[in-house]
Amino acid sequence: MSNNRRDFLKLSGLAGLGLIGTGMSSFKSAEEMERLPEMIKRKRIQHFNMSGFAAPKLDKVRVGFIGLGMRGPGAVNRMSKIEGVEIIAICDLVPEKVDKIAKSLENTAHKPEKYSGSAYAWKKMVDRDDLDLVYIATPWDWHTPMAVYAMEAGKHAAVEVPAAKTLEECWQLVETSEKTQKHCMMLENCCYDFFELMTLNMARDGFFGDILHAEGAYIHDLLDLNFAKNAYEDMWRLKENYRDGNLYATHGLGPIAQLLDINRGDQMDYLTSLSSADFHMADKARELAEKDNFYSSFVEKKFGGNINTTIVRTKHGKSMMIQHDVTSPRPYSRLHALSGTKAFAQKYPMQKISSGHGWIKDDEMKVLQEKYTPEIVKKVGELAKNIGGHGGMDFMMEWRLVDCLRNGLPLDQDVYDAASWSALSPLSEWSVAHRSNSIDVPDFTSGSWKTNKPLDITLNGGGTTKVIV
């Protein structure tokens, strides 16, 4: 490992502990932000093309979980219901959280070893020689250091969104995955929601013609949750909102990137990003501080804008629009709209499809749903709804991950997706800070996007993994 790599991991770990930086920016300094356009231009030789890469089959997928706060417990529960999964180890900074999850598995076949009590207990877990997959559900600062460490330790990495916070972290994920030939899958569950999968299947069949524009978003009123004392360890999610850009792009971006064959036939070329002012966060901090001194340290902080809008142009001249808003009193939406030369679709506020001036009728919609329901939904869709996880999409994502590993198939999301989808955040920060000037999007595939095959959304070669109910 290079000295630069060691220094980076050291700094990233300290940042995760809140010892350096405060989440005010994805950049360590103004100088680093100014150097970003030059960093994007650097040339790189691809070590190994991970697009379409299939690792050797695993009869058993031995999993270790890091992070048992917001997302981790549900993941442990769902994964325990998938055939071939062995939950070997669980880890969290807080011992009580580890004990609680261990207790929840007492009546199952899973008897995980527990790791906790130290900020680096996870390293001891990852160093085990009986793990195949490390599932990372920790605060964002830890995602890249943990995924890199896992891959260098010979394990596949499944990491919650975003996979990285900085451009340098994105490159580290790519380079490590290529060198180790270990999967690094960002767990973008929204790619597995039902309407998103159906429209992807329709797009593959040419229903929309050429898709010329697509929209995605993360619009979710989290104002109260972000200020809740017991929601996120050390208020880390609130502190992320000091940054100004699209902080959480991948829920909206992932599904439309797949529709447009990003990294597999097309590539994001450049983007521009604009944020409103903050009309909620600072006011909320002052309101809470008047009643509770705990919030006084947040009163003088400068929060990012309420609403960020980022627009992207692809190499083939298509456009994308991605929004972020976690403070306004708006109904939940990820937009998921796509405009083609033959038809249009949108998910929110209602799932609708149009091939002209008006929406198609309900009976026609049912015919389309029957025709274009993908194989994965037919296979485990109803089970996923019963098991849960955001209406079933979490479970379908995890089932598909395990089924691919057990059958030696490429994963639906590879490290290039993890990097390019995550990169939207620091790139949008740069654009917002520069009066919405455009900035190039790095080519993490090193040119292989031109020949990479589109995502296979069938279950060919797989679909053999059962669900334990």
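Note that the structure is predicted; figures quoted are calculated from it, not measured. (Residues numbered from 1 in each chain as written. Predicted model: local features only at pLDDT ≥ 70, side-chain atom pairs only at ≥ 80, totals over all residues. Heavy atoms only, no water.)

A.B. asks: Honestly, the overall build of the protein chain in this entry has me stumped. Any pointers?
C.D. replies: For the protein chain, the count of helices and strands is 17 helices and 14 strands. Taken over C-alpha atoms, the radius of gyration comes to 21 Å for the protein chain, in line with the 23 Å a tight globule of 469 residues would show. In terms of overall dimensions, the protein chain has a C-alpha envelope of 55 × 55 × 50 Å along the principal axes. Counting only residues that meet the buried cut, the protein chain has 57% of its 469 residues in that class. Side-chain charges in the protein chain split into 58 positive and 62 negative, and the spacing between the mean points of these groups amounts to 2 Å. (Helix = DSSP H or I, 4+ residues; strand = E, 2+ residues; numbered from the N terminus. Rg over C-alpha atoms; globule rule 2.2 N^0.38 Å. Buried < 20%, exposed > 50% of the residue type's maximum accessible area, 1.4 Å probe, protein only. Lys, Arg positive; Asp, Glu negative; His and termini not counted. Charge placed at Lys NZ, Arg CZ, Asp CG, Glu CD.)

A.B. asks: Please clarify how the sheet that holds strand β9 (residues 307-314) should be interpreted in this entry.
C.D. replies: Picture the strands of a sheet paired through backbone hydrogen bonds; they go either parallel or antiparallel. Judged by pairing direction, the sheet is mixed, and its eight strands sit side by side in the order β13-β12-β11-β7-β10-β9-β8-β14 without closing on themselves. Edge strands, defined here as strands with exactly one partner in the open sheet, are β13 (352-354) and β14 (439-440). Note that strand β12 (residues 344-346) and β13 share three bridges and pair antiparallel. Its bridge partner being in β13, Ala345 is matched across the sheet by Ile353. On the sheet, helix α12 (residues 250-259) packs against β7 (211-219), β8 (268-275), β10 (319-325) and β11 (337-340) and is oriented at approximately 160° with respect to β7. (Pairing = 2+ DSSP bridges. Contact = heavy atoms within 4.5 Å. Axes fitted to C-alpha atoms, helices over the stretch in contact; angles between N-to-C directions.)

A.B. asks: For this particular structure, what's the right way to read the sheet that holds strand β2 (residues 85-92)?
C.D. replies: In space, the six strands of this open sheet follow the order β3-β2-β1-β4-β5-β6, with parallel pairing throughout. Since the sheet does not close on itself, it has two edges, and those belong to β3 (113-116) and β6 (184-186), each with one partner. Recorded for the sheet is a direction-independent mean angle of 20° between the axes of neighbouring strands. Running at roughly 165° to strand β4 (residues 133-136), helix α16 (residues 393-407) makes contact with β1 (61-66), β2, β4, β5 (156-159) and β6 of the sheet.

A.B. asks: What is the right way to look at the confidence of the model for the protein chain in this model?
C.D. replies: Here the protein chain averages 93 in pLDDT, while 95% of its residues score no lower than 70. The low-confidence segment residues 1-23, where pLDDT is below 50, has 35 contacts with residues more than four positions distant or belonging to other chains. (pLDDT = per-residue confidence, 0-100.)

A.B. asks: What's the story with the packing of aromatic side chains in this structure? I'm lost.
C.D. replies: For any pair of aromatic rings, geometry is given as the distance between the ring centres together with the angle between the planes. Applying the stated criterion across every chain, the model contains 21 aromatic pairs. A ring pair is formed by Trp140 and Tyr248, whose centres lie 5.5 Å apart and whose planes are at 15°; its orientation type is stacked. You can see Trp140 sitting in the loop between β4 and α7 (143-152) and its partner Tyr248 sitting in the loop between α11 (236-240) and α12, a full 108 residues away along the chain. Residues Trp140 and Tyr248 agree in their burial class; the two are buried. Here the aromatic rings of Tyr232 and Trp236 are separated by 5.3 Å at their centres, their planes lie at 80°, and the arrangement is edge-to-face. Here Tyr232 matches Trp236 in class, with each residue buried. An aromatic cluster of at least three residues, connected via ring pairs, comprises Trp140, Tyr218, Tyr232, Trp236, Tyr248, Tyr332 and Tyr348. One cation-aromatic arrangement involves Lys385 over Phe194; the distance from NZ or CZ to the ring centre is 4.9 Å. (Phe/Tyr/Trp six-rings, centres within 6.5 Å; stacked < 30°, edge-to-face > 60°. Lys NZ or Arg CZ within 6 Å of the ring centre and 35° of its normal.)

A.B. asks: Mind showing me how you'd approach the environment of Met151 here?
C.D. replies: By the secondary structure assignment, Met151 is in helix α7. In this structure Met151 touches Ala157, Leu173, Thr176, Ser177, Thr180, Lys182, His183 and Cys184, once residues within four positions along its chain are discounted.

A.B. asks: For this particular structure, what's the right way to read the pairing of β10?
C.D. replies: Along any regular strand, the residues point their side chains to alternate faces of the sheet. Where burial is concerned, most of β10 is hidden: six out of the seven residues are buried. As judged from the seven bridges shared by β7 and β10, these two strands associate in the parallel manner. Bridging from a neighbouring strand, Ile219 pairs with Asp325 of β10. Taken together, the seven bridges between β9 and β10 define a ladder with antiparallel strand orientation. When the sheet's bridge partners are listed, Val312 is paired in β10 with Met320. The turn joining β9 and β10, which pair antiparallel and follow one another in sequence, is formed by four residues; a positive phi near 85° is taken by Gly317.

A.B. asks: Looking at this structure, how should I read the UniProt feature "domain: Gfo/Idh/MocA-like oxidoreductase N-terminal" (unreviewed entry) in the protein chain?
C.D. replies: UniProt records the feature "domain: Gfo/Idh/MocA-like oxidoreductase N-terminal" (unreviewed entry) for residues 61-186 in the present numbering. For residues 61-186, helix accounts for 38% and strand for 23%, while the C-alpha atoms at its two ends are 17 Å apart. (UniProt positions renumbered as here; feature names shortened; annotations may be inferred.)

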